[in-house]
Amino acid sequence: MVLPVPQPQRQGAVPRLTQLAREPKSYPALVLPNNVQDATDELVKAAAAVPAARYRDLFQLRPDVSFLNQGSFGTIPIAVRKVKDAWMDAVEQEPVDALTEFDPYIAAAQRDISEFVGADPQDVVFVSCATTGTNTALQSLHLGPKDTILVISLAYPAVLNNLQYLRDRYGVRIEVLNVPLPTSRHAIIDAFAEWFRTATVTPKVAVLDHITSATALVLPVNEIVAMCRERGVLSLIDGAHAVGQVPINLRDMDPDFYITNCHKWLFAPRGCAILYVRRELQATVTTLAISHGYKTGFQGEFLWPGTYDISHYLSAPAGLAFWKLTTRGFDRCHRLAVRSGQFLTTALRGRPLTDDAEMLGFMAAVHLPHLTTETPVVRITPAEYRGAGRSPFVLEPALPESIEFPPTPATDATVVGPAARAVALHDTLRRKYAIECWCNVADNTVLVRISVQCFNRPEEYVALARAVAEIQDGDGAAIDEAVVAAYLRDARSIEEETGWNSSSSTDGADAVTKALAAL
């Protein structure tokens, strides 16, 4: 017989992907595997049929826990999980063919996410998370002892660790621009302008958050990127929290590097982020793990960085579709986050981190000065803490007693710093009140950070306020009911004005029941 020799599959994937990324309108009509198409159809039916009041049913979250912490790791809708599983099933039916011919589907997924963030697909690649993307971008600059990085004081700790590594390993100098709290867009823009005016060194790159993690502040990145470009400074934007929480248009922003997680607010499976790189810089960017794509171009570098689970990336369009059907844009969650932050500030005698509504997305953080300095504390042993936990990953209290835990700096049981108080507040809310809400420290003061997602209701923030008031001021402590009534009235108005309680389906309760049962 004559042996047919096709164009080599793996070698052919890179130019194919590059071409599809460069000319997205030339995409062929991709046919999804049957099971993936079925799962996608179910997602659309369920998200369209279920009214907002029952969005919680579209997730696997424990029904007895109020989940106000979308910002930490996100949540994956049941329907998106099914799409991801369908992609995994399709791969497992033909692992070799699937893992050598999946590039058109990766290209299509990159196209969908790129359109959502206002970028050209050829400038965007998938990476596992924002931390990986940030490391990738910084490593590509080949920084040395003559180079300086400018970073803000509110930067994410993992990013600061990355910069510390570059300083320790390569002698890179780090300049920190302090952002006092509370703040505003104008104050931050002025602070950057003043820093550039008085600086004695020109940074190689400025690293700043689009949305700060602990403090939940949306920074004026467009203006800061423009300042950097005027001065010949590269800009790297850590947008870990941004996509799905605030509108993004990378063509308008025009950064040199931009990284954002699709798994926090865009409902993609965890381990899915995008890295945008300005076209002129792409030739210098490689994956952290050099693999088959080396020297094949920007798209080729990231197509095959080694064997990995492609279902995370291929499911990103399903997360985006779910977001469009349930979150329905940015208005409702943003306005509810702003008003809920104001309510918590008043109810708990807290301090806002900003009075500028433009500096908030779907999160808000409130300083708790009274809890920081006045609330009494008591130390408990690791065994007591583990025994009271709610995690599904059960750790026997007696099991790890041989572990040597770090010593506690203070010997006085009543002297506990803000960081320890923040951890204790989080754990008490979780264990005693069944509320998952992130707590942290900024400016040496404990803060509570709320997230507002499509499934969250105003009453949950009232329950949070009552719980924190008890913890802060003692059992039986109450909050002003007039403040509660005003907040709930405003929250209802927000939901009415945004059409939140209306359903896109007119099929009635039976359709809702069937849609949920299909999941």
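This text goes with the structure placed above it.
Overview of the structure. (Residues numbered from 1 in each chain as written. Predicted model: local features only at pLDDT ≥ 70, side-chain atom pairs only at ≥ 80, totals over all residues. Heavy atoms only, no water.)

1. Observations regarding the overall build of the chain
Part 1 of the reasoning: Of regular secondary structure, the chain possesses 22 helices and 13 strands.
Part 2 of the reasoning: Here the chain, with 519 residues, has 53% of them falling under the buried criterion.
Part 3 of the reasoning: A separation of at least 24 residues holds for 75% of the contacts in the chain among residues at least 6 apart in sequence.
Part 4 of the reasoning: Carbon and sulfur atoms provide 55% of the accessible area of the chain, an area that totals close to 23500 Å². (Helix = DSSP H or I, 4+ residues; strand = E, 2+ residues; numbered from the N terminus. Buried < 20%, exposed > 50% of the residue type's maximum accessible area, 1.4 Å probe, protein only. Contact = heavy atoms within 4.5 Å. Areas by Shrake-Rupley, 256 points an atom, 1.4 Å probe, with all protein chains shown as cover.)

2. Brief notes about the pairing of strand 8 (residues 273–277)
Part 1 of the reasoning: Summarising burial for strand 8: five of the five residues are buried, a large majority.
Part 2 of the reasoning: Across four bridges, the pairing between strand 2 (residues 124–127) and strand 8 is antiparallel. Residue pairing across strands places Val127 opposite Ala273, the latter belonging to strand 8.
Part 3 of the reasoning: Direction of pairing for strand 7 (residues 257–261) relative to strand 8: antiparallel, over a ladder of five bridges. (Pairing = 2+ DSSP bridges.)

3. Examining unusual backbone geometry
Part 1 of the reasoning: With an omega of -5 degrees, the peptide bond between Leu181 and Pro182 qualifies as cis.
Part 2 of the reasoning: Tracing the sequence through the fold places Pro182 in the loop between strand 4 (173–177) and helix 9 (185–198).
Part 3 of the reasoning: Backbone geometry at His142 places phi at a positive 50 degrees, although glycine is not the residue there.
Part 4 of the reasoning: Turning to its location among the elements, His142 is positioned in the loop between helix 7 (130–140) and strand 3 (148–152).
Part 5 of the reasoning: What makes His142 exposed here is its relative accessible area of 64%.
Part 6 of the reasoning: A positive phi angle, near 55 degrees, is found at Ala434, a position not held by glycine.
Part 7 of the reasoning: Within the fold, Ala434 resides in the loop between helix 19 (418–433) and strand 11 (435–436).

4. As for the nonpolar core
Part 1 of the reasoning: With 162 residues, the main nonpolar core has Phe126, Leu138, Ile149, Phe192, Phe343, Leu429 and Leu464 as its most contacted residues.
Part 2 of the reasoning: Leave out the neighbours within four places in its chain, and Phe126 touches Ile106, Ala109, Gln110, Ile113, Cys272, Ala273, Ile274, Phe302, Tyr313 and Ala316. (Core = buried A, V, L, I, M, F, W, Y, C linked by side-chain atoms within 4.5 Å.)

5. Looking at the pattern of salt bridges
Part 1 of the reasoning: According to the stated counting rule, one finds 27 salt bridges in the structure shown.
Part 2 of the reasoning: In the salt-bridge network here, residues are joined through shared partners; they are Arg229, Asp254, Asp256, Arg278 and Glu280. (Salt bridge = Lys/Arg side-chain N within 4 Å of Asp/Glu carboxyl O.)

6. Side note on the environment of Ser184
Part 1 of the reasoning: Turning to its location among the elements, Ser184 is positioned in the loop between strand 4 and helix 9.
Part 2 of the reasoning: Under the relative-accessibility criterion, Ser184 is labelled partly exposed at 23%.
Part 3 of the reasoning: With 171 residues separating them along the chain, Ser184 and Asp355 place their C-alpha atoms 7.2 Å apart.
Part 4 of the reasoning: Discounting residues that sit within four places of it in the chain, Ser184 has contacts with Thr354, Asp356 and Met359.

7. Some remarks on the sheet that holds strand 13 (residues 445–451)
Part 1 of the reasoning: With antiparallel pairing, four strands are arranged side by side in an open sheet as 9-10-13-12. The two strands at the open ends of the sheet, each matched to only one other strand, are strand 9 (351–352) and strand 12 (438–442).
Part 2 of the reasoning: Contacts from helix 19 reach strand 12 and strand 13 within the one sheet, and its direction differs from that of strand 12 by about 165 degrees. (Axes fitted to C-alpha atoms, helices over the stretch in contact; angles between N-to-C directions.)

8. Things to note about helix 15 (residues 316–326)
Part 1 of the reasoning: Inspection of helix 15 places Ala316, Ala318, Gly319, Leu320, Phe322, Trp323 and Thr326 among the buried residues, and these make up the whole buried set.
Part 2 of the reasoning: Close packing links the buried residues of helix 15 with helix 2 (34–49), helix 4 (78–93), helix 6 (103–116), strand 2, helix 12 (262–265) and helix 14 (311–314).
Part 3 of the reasoning: Two residues or fewer after helix 15 comes Arg328, characterised by a positive phi angle close to 60 degrees.

9. A word on the sheet that holds strand 8
Part 1 of the reasoning: The mixed open sheet is built from seven strands, whose spatial order is 2-8-7-6-5-3-4. In this open sheet, the two edge strands, each paired with only one partner strand, are strand 2 and strand 4. Each strand axis lies, on average, 20 degrees off the axis of its neighbour in the sheet, ignoring direction.
Part 2 of the reasoning: Here helix 7 sits on the sheet in contact with strand 2, strand 3, strand 5 (205–209), strand 6 (234–238), strand 7 and strand 8, set at roughly 165 degrees to strand 7.
Part 3 of the reasoning: Along the sheet, helix 8 (residues 157–170) contacts strand 3, strand 4, strand 5 and strand 6; its crossing angle with strand 3, the most-contacted strand, is approximately 160 degrees.

10. Regarding the packing of aromatic side chains
Part 1 of the reasoning: By the definition in use, this model includes 20 aromatic pairs.
Part 2 of the reasoning: Each ring, one from Phe102 and one from Trp304, has its centre 6.1 Å from the other, and the planes form 40 degrees; the classification is tilted. You can see Phe102 sitting in the loop between helix 5 (95–100) and helix 6 and its partner Trp304 sitting in the loop between helix 13 (298–303) and helix 14, a full 202 residues away along the chain. Take Phe102 and Trp304: they sit in the same class, and that class is buried.
Part 3 of the reasoning: Both rings, one in Phe298 and one in Phe302, keep their centres 5.5 Å apart while their planes meet at 65 degrees; by these two values the pair is edge-to-face. Linking Phe298 with Phe302, this pair stays in helix 13, spanning four residues, or about one helical turn. (Phe/Tyr/Trp six-rings, centres within 6.5 Å; stacked < 30°, edge-to-face > 60°.)

11. Re the side chain of Thr445
Part 1 of the reasoning: Along the polypeptide, Thr445 turns up in strand 13.
Part 2 of the reasoning: By relative accessible area, which is 8% here, Thr445 ends up buried.

12. Considering the state of the cysteines
Part 1 of the reasoning: The tally for this structure, following the rule as stated, stands at zero disulfides.
Part 2 of the reasoning: Here Cys262 stays free of any disulfide, with the sulfur of Cys272 as its closest cysteine sulfur at 4.2 Å.
Part 3 of the reasoning: For Cys262, a relative accessible area of 0% gives the class buried.
Part 4 of the reasoning: Cysteine Cys437 shares no disulfide, and the gap to the nearest cysteine sulfur, in Cys439, comes to 5.4 Å. (Disulfide = S-S within 2.5 Å.)

13. Quick look at the packing of helix 7 against helix 8
Part 1 of the reasoning: Interaxial distance between helix 7 and helix 8 falls to 10 Å at its minimum, and their mutual angle equals 30 degrees. In this view, helix 7 runs roughly parallel relative to helix 8, as classed from their interaxial angle. Handedness of the crossing formed by helix 7 with helix 8: right-handed. Within the contact between the two elements, helix 7 uses Thr131, Thr134, Asn135, Leu138 and Gln139 and helix 8 uses Ala158, Val159, Asn162, Leu163, Tyr165, Leu166 and Tyr170.
Part 2 of the reasoning: Grouping the constituent residues of the contact of helix 7 with helix 8 by class yields seven nonpolar, five polar and no charged. (Parallel < 35°, antiparallel > 145°, perpendicular 65-115°, else oblique. Left-handed = near helix turned anticlockwise from the far one by under 90°. Nonpolar A, V, L, I, M, F, W, Y, C, P; charged D, E, K, R; others polar.)

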